[in-house]
Amino acid sequence: MELTKIAFGGGCHWCTEAVFQSLKGVEKVEQGFVASVDENSSFSEAVIVHFQVEDITLKTLIEVHLLTHKSTSNHSMRKKYRSAIYSFSDSQNKEATVLLDNFQEQFNKKIITQIYPFSAFKASEEVFQNYYLKNPAKPFCKQFINPKLEVIKKKFSNYASL
């Protein structure tokens, strides 16, 4: 089976990586920095998620993303932590746009997550890759990542590989 990929940016890429690594159907998560084009060509913390569409849908991945970072908060760190979905094709961009619009009704505030074309990727240093898997007992993981993984266990238990 062929893997499909999409990239997500939201909060810290250690958190985003751990969230997507916890899902069945996700085969690989590349942690690092993603750039888009034009005014969004600067690199921002993000991950590339490689997944089996037969096992987990783009809809589920986007919903997980929206519920595990501050997708309605336009805070001061948004250049470093762009709330984004980076598409790898026009058809994926169109599908993500429809899905994002449909998810809006589940939120009281406006979703600020944007969809951008993927342009470039720079991997994190090796020491930071698989951060949660290597360091689950660290205070950062307990404080910031574990609550996101609880969302996976509660709302996406069919997909949780925890």
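The preceding data block contains the structure.
A few points on the structure. (Residues numbered from 1 in each chain as written. Predicted model: local features only at pLDDT ≥ 70, side-chain atom pairs only at ≥ 80, totals over all residues. Heavy atoms only, no water.)

## Observations regarding the packing of helix α2 (residues 58-67) against helix α3 (residues 90-103)
Contact pair α2 / α3: the axes reach a minimum separation of 10 Å and the direction vectors enclose 55 degrees. As far as their axial angle goes, α3 and α2 are oblique. The element α2 and its partner α3 pack so that their crossing is right-handed. Across the interface between the two elements, L58, K59, I62, E63 and L66 of α2 pack against Q92, E95, A96, L99, L100 and F103 of α3. Residues of the contact of α2 with α3, tallied by class, amount to 7 nonpolar, 1 polar and 3 charged. (Axes fitted to C-alpha atoms, helices over the stretch in contact; angles between N-to-C directions. Helix = DSSP H or I, 4+ residues; strand = E, 2+ residues; numbered from the N terminus. Parallel < 35°, antiparallel > 145°, perpendicular 65-115°, else oblique. Left-handed = near helix turned anticlockwise from the far one by under 90°. Contact = heavy atoms within 4.5 Å. Nonpolar A, V, L, I, M, F, W, Y, C, P; charged D, E, K, R; others polar.)

## Section: the packing of aromatic side chains
The final tally for this structure, using the stated rule, is 8 aromatic pairs. Arranged with centres 4.9 Å apart and planes meeting at 40 degrees, the rings of F140 and F144 form a pair that is tilted. Here F140 and its partner F144 are both found in helix α5 (residues 139-155), 4 residues apart, which amounts to about one turn of the helix. Among the residues examined, F140 registers a relative accessible area of 24% and is labelled partly exposed. In this structure F144 comes out as partly exposed when scored by relative accessible area, which is 39%. (Phe/Tyr/Trp six-rings, centres within 6.5 Å; stacked < 30°, edge-to-face > 60°. Buried < 20%, exposed > 50% of the residue type's maximum accessible area, 1.4 Å probe, protein only.)

## Observations regarding the side chain of S83
Mapped onto the secondary structure, S83 falls in the loop between α2 and β4 (84-87). In contact with S83, other than residues within four places in its own chain, are G9, G10, H69, S71, R78, I112, T113 and Q114.

## Re the sheet that holds strand β3 (residues 44-51)
The mixed open sheet is built from 6 strands, whose spatial order is β5-β4-β1-β3-β2-β6. Looking along the sheet, the strands with just one partner apiece sit at the ends: β5 (114-117) and β6 (120-123). The mean inter-strand angle of the sheet, taken between neighbouring strand axes irrespective of direction, is 35 degrees. Along the sheet face, α2 touches β1 (4-9), β2 (26-35), β3 and β4 and points at about 15 degrees away from the line of β1. Its contacts with the sheet place α3 against β1, β4 and β5, and it is angled at close to 155 degrees to β4. (Pairing = 2+ DSSP bridges.)

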